[in-house]
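Observations on chain architecture
Here are the chains, one letter per residue:
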Amino acid sequence: MDVTKLDEEELSYELRVRGIAAMNDVNEMRSVLRGLLRIEVEGNSLMNTDSTVSVVDVKSEIKTCVKKLQIINAMIDNIQGDRYSEQYRSADAKLCHLMNRVDKLAAVDKRDQNDRSNLLKGILFLMRKMEGMASNTNVIETNNQNQNGGTAGAGTVVLYEKTTTTEMNSTYGSSESTASDEEVGTEYFVQQGVAIKSLSKLLKGSKNHKNAETHYTGLLRIMKYRNAKFIEWKPTEMSIFPDIDEWNIVDTGYKQNGKNKNDRNSIDIKINLATMKSYKMKKHKKHQISILQTNGSLVTFLFESSPISDFVTALKTLLHTEKEIRHHRPTGVILVMGERQDSDPLCQSIKELKIFPDQPPTSTVWSFISGFQNNPVEKTYETFAKISDVLLTRTPDTRPDQEVAELLNRAEEDDEYTMLDHPPPTVLPPRPAVKSRGNPLDQTTFYLSMNEEGRIINEDYIKKIIFHGGCENSIRHEVWKYLLGYYPWNSTREQRINIDRQQKTEYERMKVQWMNMSPDQISRFNKYRDHKNLIDKDVYRTDRTLDFYAGEGNENLVKLHNVLMTYVMYNFDLGYVQGMSDLLSPILMIMNSNEVESFWCFVGFMNRVNTNFELKQTGMKKQLNDLHYLLTTVSPKLENHLKKMDSSNMYFCFRWLLVLFKREFIHSDVMRLWEVLWTDIPCANFHLLICVAILDNEKDTIINENFGLTEILKHVNNLCERIDLDKALTTAYSIYEQLKEAQPSLQDSVNELLGFSISHTETILSIDSNSREDDYEKALSMNYT
Amino acid sequence: MATRKKVLLKVIILGDSSVGKTSLMNQYVNKKFTNQYKATIGADFLTKEVMVDDRIVTMQVSKPAPGPNPLCASIWDTAGQERFQSLGVAFYRGADCCVLVFDVTSPGSFKSLDGWRDEFLIQASPSDPDHFPFVVLGNKVDLDNRAVSTKRAQQWCQSKNGLPYFETSAKEAVNVEQAFKTIARNALAQESDVELYNEFPDQIKLDGGSSDNRSSGGDNCAC
C-alpha cells in the first residue's frame, strides 16, 4: 500500500486500527504509517485484533466504504497511464486500504453482513478490473516495440490491431497468441463455402444496393488450440479484397499474418470464443449467423448451401448459451454465457461469489475485463448489465448480489444493454419525397365531423389533418382536450358536460388537499416542501417573456402554480420535476387560464411523458438510447463521429426530449409540433425521428467542423429557435417512409421503435416463448429448408 | 520571455436550483443580468477569453442543471441510496475548477454544498481530490432577507482545506469579476503542466481590440 496515495481520513483510519491516535499533520501520519507497515511486512502485526474497538458506527462505516468504492471505480475508469502511473497507483492504494477496512467491518445484523459481502465483491471486481488493465497496458507496450516500423499516424486501424492482440494476450497470457498461430489445433467443425458479409462494400456499392451485395466465400472452421478456441474463416476465392478501413467493422476478427500490411491475401478472420457475446441467426435470402463480440464488433457468416444447424450445434457444445429475453419474449438473440471448459483458479473464486450462477464463467470474465481497455464506459455498463441479467433470472434468495452492481452505480435494466451494441449498418433506400405540410384543421371541418349527438365520427381523418397541418388556434381549446385524452373521441356532447362536471369536482378536491395544509404540517413534510419550493422557483421563471405570463403579480402565474401543486397531490410519487412547468405553460394559455381543463390536459400530457421525469432517469436513458439506435441506422456517418467524440450517449439531446422541444422553438411552433406528436401518427416515437431529422440536417457542420463533445452540445444548444419546424417535420416523415421501405433489413429494435411488424423469421422465433431451445432450433432449421 | 500557451480552462458550476448559477455565468461572460432566465434543462456552457497573469485563457464555464439531469440525478436521495447513474461523466472529466454556489437567503442551498462537492469528486474523480480547486460563492447578497451569515459560510470553507469564498450578487455585479479571476487563477494552477489546446483554433482571436489581449500582441503562434 502506497501511503502517499491515501488521504487524511484514510490515513487516520489506518493508524487508528493500529491503536495510534490521529495526528494533525498528514505527512507525519504518512511517515508513521509507512514505518508501521514496514514492521508488519516483517511479520509483526500491530493490528488491533478487536476490530469493534476501532469502528464505532458500522452503518456509517459502510456508507463511507461504499462512497470510497464509488470513487475508486470512477478513478479506475479514468486511468490513462499504465500500472506505474500515478492514477493507477492511487487507485491501487485506495483499494488496498478499502479492502483492509471492509475486512474489519464488524457486521452484526444481517443487513450489514449483506452490505459487507457486497462491498467485498465490489472490491474484488475492481481488483480484477485493474488487473485486466495492467496486463493490457503491458501488452501494448510490447506491441509498440514489435511494430517498430509502424507509424503513429496510421490511426484507427493500427489501434484496432493493437487491441486485438491485446485482448487475446490478456486472456491467455502473452505467449499463447503467437503459439496459436503456429500450433496445430484440433478441428471441431469445418465447412466449405461459407461467405462473410462485407457490409461496407454494400455501402459503397452502386445505387441499387441489392446488386451490390458482394460476399467472399471461404472456409469456416472452429479450432481448438491448447488454451483457446477460435472460429476461423479463411477466404478461398476472392477477386478484390476490400481496403483495410472497410474492415473496421469486423475489427477484432481481422488479423494480419504477414508483416507487410499490403499483403492482403493473408488476411483471415479469427474470433476467440471467449470474446463472443451473442449470436443471432436469420434467414434473409441465405441462412446467416451474426456473431457479436464483447467489443461490439459484428461478423456475419452466410451459409450458401450448407445447413447452418451443424455449425450452431458445434458452437453449443463449446459454449454455454442462453436466450435473450425481453418483455418476456425471446428476441432471437442467443447470449453467450461462457465457454464450456475450465480449471482456472480465478474462475473458481469468481464462481464462489456466484455472480455467474449457472456455470463456470471461465474466460468470459476476463474478456469483460480486457474490454475495459477499449471502451471503459460501455464495457462497464455491459458487464453489469450481464450481471443483472443473470441475477434477474435467479432465485430470490441470492438476489442481494444485485446490490453489487448498484454499489457501483452501474446497474442497468436487463433489456438495456444490447442497445449499446452497434447494429450493422443497413443500406437504406433513398428518402422518398413526402407531401409538404398541409392546411391546419379548421373549425368547419372539425365541427362537421361530429354527428348529431356530438360524437366525432372520423377520428382518424381528423388526426391525419392535424398530423399534416396542425390545427387552427381558434379551435385548439377544444381539439387539445381530445388529443390529450380529456374527452374521449367518441364521447357525446352530453357525456362531455358530465366529464366537465366530474373532473371539476375531482380537481377541486385535490386542490383543497394542499391548500389546507398548515405551515406547521408542512414543516414536518419534507418531500412536499421540496416540491413546493421548486414549483415556487420555477413558476417565477416560466415563459415570462410571453405577454400571458409577463409582469409582476400576474394572475396566470398563480394558476400555473395551482395546477402544478395539484399535480403533486395527484401524483405524489412523481411530484414536481423541473421541466414540467414548461409543459404546462402552453396548455394553460390555450385553455384560457381555466385551471380545471388545464390540469386534466396536463395530466394527459404527463401520462405520455412521465417516464421522462423519473428519478432514476430510466425513461430518458431509454429514449436517448433509442435515438442513438435510429441515428445509427439513418446516419451512420454522424453516429460514427459522435462515437469518436465520446458523445454517443446523445446527451446533447437531453433538453429536446425532456420537454419535447419546448425550448427549441418559438411558442407558436411548439404548439404546432405538440399537436402533431399527440396524434401518434405515424408512430409513437415520431419525436425521435424529428431529432434524427434535425441532427441529420446539422451533420455536415458537426462532422466537417470536427466538433467535439462540448462543441456539439454548444451547437445543439444554439439551434434554439433557429430550427425550421416544417422542414424538420417533413424530413422526419420522409425518414419514416424511408425506414419503412427498408424495414425487412432493419434491426428488430428499430422496427420495434417505429412500430413496424417484425419480419417473418423473427415472428416464428417469438411465437412460442415457452418452447424449449431444441424445439426452437428445429423450427429454425425447418424454416431454412 | 517564455512562450505563452493557449489554455482552455474548464470550470463547472454546481449548486441547488435557482441559486443563480446561470445569472453568475452570464454576468461574468456577457455582463448582463435579467430576471427572465429559465430553469436550465440539460447542460449549458459559455466561454470567455481572459488574461490571467499574463496568459490568455479561454474559460469554459459549464453548468449542468439540477432537477431532471442525468449528471446529478439523485444526490438528494436518502443517505446511502445515491445511485445516480451518470451519462455525463465526460462533462465533469477534465474540469480544472469547480464553483459551488449557494444562495445566502436559502439555508437549504448552503447545506447542499457538501453534497455537491462530494458529487463532483465522485463524478470527476480528480487525481488529487484533497487539493482540487473549489471556489465557493454565496450569491444574492443584494437581497435583504439574508439567512446564511458570512461567518458560517467561511467556517465551512475553512473546514474544507480553506476554500476561497466570495459573496456575490449576479444582479448587481458585485464581486463576480473578482470571484472568477480567482477561479481562473486557481484553475490555471491546477493545470501545472499546461496542456496545449489545439482543438479550438478559432476560439482565440487576437484582434488586439480588447484590453485583455493587448499586452500579448504578436504572440499568436499556436504553440
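Cut-offs applied
Residues numbered from 1 in each chain as written. Chains lettered and ligands numbered in written order. Predicted model: local features only at pLDDT ≥ 70, side-chain atom pairs only at ≥ 80, totals over all residues. Heavy atoms only, no water. Helix = DSSP H or I, 4+ residues; strand = E, 2+ residues; numbered from the N terminus. Buried < 20%, exposed > 50% of the residue type's maximum accessible area, 1.4 Å probe, protein only. Contact = heavy atoms within 4.5 Å. Areas by Shrake-Rupley, 256 points an atom, 1.4 Å probe, with all protein chains shown as cover. Core = buried A, V, L, I, M, F, W, Y, C linked by side-chain atoms within 4.5 Å. Disulfide = S-S within 2.5 Å. pLDDT = per-residue confidence, 0-100. Axes fitted to C-alpha atoms, helices over the stretch in contact; angles between N-to-C directions. Parallel < 35°, antiparallel > 145°, perpendicular 65-115°, else oblique. Nonpolar A, V, L, I, M, F, W, Y, C, P; charged D, E, K, R; others polar. Pairing = 2+ DSSP bridges. Right-handed = clockwise from strand over helix to strand, strands pointing away. Expected span 1.5 Å × (residues − 1). Phe/Tyr/Trp six-rings, centres within 6.5 Å; stacked < 30°, edge-to-face > 60°. Salt bridge = Lys/Arg side-chain N within 4 Å of Asp/Glu carboxyl O.

Quick notes on the overall build of chain B
Within chain B one finds seven helices and six strands. Mapped in sequence order, the helices and strands of chain B form the string β-α-β-β-α-β-α-α-β-α-β-α-α. The buried share among the 223 residues of chain B stands at 58%. Of all intrachain contacts in chain B linking residues separated by at least 6 positions in sequence, the fraction that spans at least 24 positions is 71%. For chain B, the exposed surface amounts to about 9200 Å²; the carbon and sulfur share of it is 46%.

Thoughts on the overall build of chain A
Of regular secondary structure, chain A possesses 33 helices and 10 strands. Across the 785 residues of chain A, 57% fall into the buried class. For chain A, the proportion of contacts with a sequence separation of at least 24, taken over those separated by at least 6, is 68%. Here chain A displays about 33600 Å² of accessible surface, and carbon together with sulfur accounts for 50% of that area.

Examining the nonpolar core
Residues and elements named next belong to chain A. Among the nonpolar cores identified, the biggest contains 121 residues, and Met580, Phe686, Ile690, Leu739 and Leu754 are the most heavily contacted of them. No other element matches the 11 residues that helix H28 (residues 686-704) contributes to this core. When sequence neighbours within four positions are dropped, the list of residues in contact with leucine 754 reads Leu630, Cys683, Leu689, Tyr736 and Leu739.

Quick word on the state of the cysteines
Within this structure, the stated rule accounts for zero disulfides over all chains. Between cysteine 653 of chain A, a cysteine without a disulfide, and cysteine 691 of chain A, which holds the nearest cysteine sulfur, the sulfur-to-sulfur distance is 5.3 Å.

Observations regarding the environment of aspartate 114 of chain B
Residues and elements named next belong to chain B. By secondary structure assignment, the location of aspartate 114 is in helix H4 (residues 113-124). Each C-alpha atom of the pair aspartate 114 and leucine 100 lies 9.4 Å from the other, and the pair is 14 residues apart in sequence. In this structure aspartate 114 touches Trp156 and Lys160, once residues within four positions along its chain are discounted.

Looking at helix H16 (residues 459-469) of chain A
Residue and element names in this part refer to chain A. Where H16 is concerned, the buried positions are Ile462, Lys463, Ile465, Ile466, Phe467, His468 and Gly469. The inward-facing, buried residues of H16 contact helix H15 (443-448), helix H17 (473-483), helix H27 (667-678), H28 and helix H30 (725-741). Within two residues after H16, glycine 470 carries a phi angle of roughly 75°, on the positive side.

A few points about the confidence of the model for chain A
All names here are of chain A. Per-chain confidence: chain A averages 74 in pLDDT, with 67% of residues scoring 70 or above. Within the model, pLDDT remains below 50 along residues 198-214, and this stretch shows 24 contacts once partners closer than five positions in the same chain are excluded. This model gives residues 342-371 a pLDDT under 50, and the stretch forms 68 contacts once residues within four places in sequence are excluded.

Overview of the packing of helix H4 (residues 58-78) of chain A against H4 of chain B
In helix packing, the relevant descriptors are the interaxial angle and the interaxial distance, both defined with respect to the helix axes. Running from N to C, H4 of chain A and H4 of chain B point in directions that differ by 40°, and their axes come no closer than 7 Å. Taken together, H4 of chain A and H4 of chain B sit at an angle that is classed as oblique. Of the residues in H4 of chain B, those touching H4 of chain A at Lys67, Gln70, Ile71, Ala74 and Asn78 of chain A are Asp118, Ile122 and Ala124 of chain B. Residue composition of the contact of H4 of chain A with H4 of chain B, grouped by class: four nonpolar, two polar and two charged.

Description of the environment of valine 32 of chain A
Residue and element names in this part refer to chain A. Assignment of secondary structure puts valine 32 in helix H2 (residues 26-41). For the pair formed by valine 32 and leucine 15, sequence separation is 17 residues and the distance between their alpha carbons is 8.2 Å. In this view, valine 32 contacts Leu15, Ile20 and Met23; residues no more than four positions away in its chain are not counted.

Some remarks on the pairing of strand S5 (residues 134-139) of chain B
Residues and elements named next belong to chain B. In terms of residue burial, S5 counts as a mostly covered element, since six of its six residues are buried. When strand S4 (residues 97-103) meets S5, the two strands line up parallel, connected through six bridges. Residue pairing for S5: valine 101 is matched across the bridge by leucine 137. In terms of handedness, the path from S5 via helix H5 (residues 150-159) over to strand S6 (residues 165-167) forms a crossover that is right-handed.

Overview of the environment of glutamine 36 of chain B
With respect to the helices, strands and loops of the structure, glutamine 36 of chain B is situated in the loop between helix H1 (21-30) and strand S2 (43-52). Under the relative-accessibility criterion, glutamine 36 of chain B is labelled partly exposed at 42%. Spatially, the C-alpha atoms of glutamine 36 of chain B and serine 23 of chain B are 9.9 Å apart, while their sequence positions differ by 13 residues. Beyond its immediate sequence surroundings of up to four residues, glutamine 36 of chain B is in contact with Arg544 and Thr545 of chain A.

Section: unusual backbone geometry
Residues and elements named next belong to chain A. Omega for the peptide link from isoleucine 681 to proline 682 comes to -10°, which places this bond in the cis form. The topology assignment puts proline 682 in the loop between H27 and H28. Positioned with a positive phi, asparagine 592 is a non-glycine residue whose angle comes to about 50°. Here asparagine 592 lies in the loop between helix H22 (580-590) and helix H23 (595-609). Of note, serine 593 is a non-glycine position whose phi angle comes to about 65°, a positive value. Relative to the elements of secondary structure, serine 593 occurs in the loop between H22 and H23.

Some words on the confidence of the model for chain B
All names here are of chain B. Considering every residue of chain B, the mean pLDDT works out to 73; 70% of them sit at 70 or more. No element of chain B has a lower mean pLDDT than helix H7 (residues 211-214), at 38, and none a higher one than S6, at 97. Here residues 66-88 is a poorly scored stretch, pLDDT under 50, and it has 77 contacts once near neighbours within four places are set aside; other chains count. Confidence drops under pLDDT 50 across residues 193-223; counting only partners more than four residues distant or on other chains, this segment forms 51 contacts. Two summary scores accompany this predicted model of the complex, namely pTM at 0.56 and ipTM at 0.77.

Points about helix H5 (residues 86-103) of chain A
Helical geometry note: an α-helix holds 3.6 residues per turn, so side chains three or four residues apart project in the same direction. Taking 1.5 Å as the rise per residue, H5 of chain A with 18 residues should run 26 Å; its terminal C-alpha atoms sit 25 Å apart, in good agreement. Of all the residues in H5 of chain A, the buried ones are Tyr88, Ser90, Ala91, Ala93, Lys94, Leu95, His97, Leu98, Arg101 and Val102 of chain A.

Focus on the packing of aromatic side chains
Counted under the stated rule, the structure contains 33 aromatic pairs over all chains. Between the aromatic rings of tyrosine 570 of chain A and phenylalanine 599 of chain A, the centroid separation amounts to 5.6 Å while the plane-to-plane angle is 85°, which identifies the pairing as edge-to-face. You can see tyrosine 570 of chain A sitting in helix H21 (residues 555-570) and its partner phenylalanine 599 of chain A sitting in helix H23, a full 29 residues away along the chain. With a centroid separation of 5.0 Å and 40° between ring planes, the pair formed by phenylalanine 120 of chain B and phenylalanine 132 of chain B is classed as tilted.

Examining the pattern of salt bridges
Residues and elements named next belong to chain A. Enumeration according to the criterion identifies 37 salt bridges over all chains in this entry. Across the salt bridge formed by aspartate 538 and arginine 541, the nearest N and O atoms sit 3.1 Å from each other. Taking relative accessible area as the criterion, aspartate 538 reaches 1% and is therefore assigned buried. Taken together, the salt bridges that share partners define one network made up of Asp7, Glu9, Glu10, Glu61, Lys68, Lys94 and Arg101.

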